[in-house]
Amino acid sequence: MKLLVAIVHPEDAGPLVDALLDREFRATRLHSSGGFLKQSNATVLLGVEDDAVEEALGIVRENCHSRTQLVNPMPPILEPGEFFLPYPLEVEVGGATVFVLPVERFEKL
Ligand code: 2BA
């Protein structure tokens with residue numbers, strides 16, 4: 001068995017979980033936020049049999065889309081007389097960041 005940890009855009013998480021449940025996967029959705037952008041994202045946990053990992057990844061691929069987001073850079077420390085014109089930078093986020101971990105033991109108690 002494997003544990004898939006998928007970090008996705010919050011708008012993709014609902015359709016992703018619905019699509020997984022339609023195909024008889026079990027999923028847990030957690031609210032999370034990105035370390036870099038500090039914006040909300042969603043983390044979906046999936047316990048999956050080894051032979052179903054590729055099918056689960058396919059569903060993640062179909063339902064999670066990359067987006068560009070704007071970030072405001074931190075202003076530098078300025079010397080007197082200097083000035084800084086902030087302009088937003090574009091960052092590409094997602095579709096999904098997925099970790100596939102081996103599960104040593106799975107119990108439902
Ligand atoms: P964030 O950390 O908020 O990162 C959002 C996007 O900002 C990233 O998209 C990437 O394009 C960019 N980015 C992140 N760190 C950067 C840096 N040090 N310099 C320049 N650009 C940077 P994704 O790579 O698609 O990641 C989306 C979200 O997935 C991340 O949100 C984070 O929550 C998670 N993630 C990605 N890689 C991870 C990793 N190795 N470990 C844990 N979480 C990860």
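Our subject is the structure listed above.
Since this is a predicted model, take the numbers as computed values, not measurements.

What counts and what doesn't
- Residues numbered from 1 in each chain as written.
- Predicted model: local features only at pLDDT ≥ 70, side-chain atom pairs only at ≥ 80, totals over all residues.
- Heavy atoms only, no water.
- Salt bridge = Lys/Arg side-chain N within 4 Å of Asp/Glu carboxyl O.
- Helix = DSSP H or I, 4+ residues; strand = E, 2+ residues; numbered from the N terminus.
- Buried < 20%, exposed > 50% of the residue type's maximum accessible area, 1.4 Å probe, protein only.
- Pairing = 2+ DSSP bridges.
- Axes fitted to C-alpha atoms, helices over the stretch in contact; angles between N-to-C directions.
- Left-handed = near helix turned anticlockwise from the far one by under 90°.
- Contact = heavy atoms within 4.5 Å.
- Nonpolar A, V, L, I, M, F, W, Y, C, P; charged D, E, K, R; others polar.

**Here's the deal with the pattern of salt bridges**
For the structure shown, the criterion picks out 5 salt bridges. Here Asp50 ties to Lys2 by a salt bridge, and the two come within 3.4 Å at their closest N and O atoms. Residue Asp50 is located in the loop between β3 (40-48) and α2 (53-63), and its partner Lys2 is located in strand β1 (residues 2-8); the two are separated by 48 residues in the primary sequence. Since its relative accessible area comes to 23%, Lys2 is described here as partly exposed. Two residues, Glu107 and Arg105, come together in a salt bridge whose shortest N-O distance is 2.7 Å. It is possible to trace a salt-bridge network through shared partners that takes in Glu11, Asp12 and Arg67.

**With respect to the pairing of β1**
Two strands pair when backbone bridges link them, and β1 and β3 are joined in this way by 7 bridges, in the antiparallel orientation. Considered in β3, the bridge of Ala6 is made with Val44. Where β1 meets strand β6 (residues 96-102), 7 bridges bridge the pair, whose relative direction is antiparallel. Looking at β6, one finds that Val5 is bridged to Phe99.

**Observations concerning the packing of helix α1 (residues 10-22) against α2**
If you want to describe how two helices pack, look at the angle between their axes and the distance between the axes. Close contact between α1 and α2 brings their axes to 9 Å; oriented N to C, the two are set at 145°. Crossing angle aside, the handedness with which α1 passes α2 is right-handed. Here Asp12, Pro15, Leu16, Ala19 and Leu20 of α1 come into contact with α2, specifically with Ile59, Val60 and Asn63. Per-class residue counts for the contact of α1 with α2 are 6 nonpolar, 1 polar and 1 charged.

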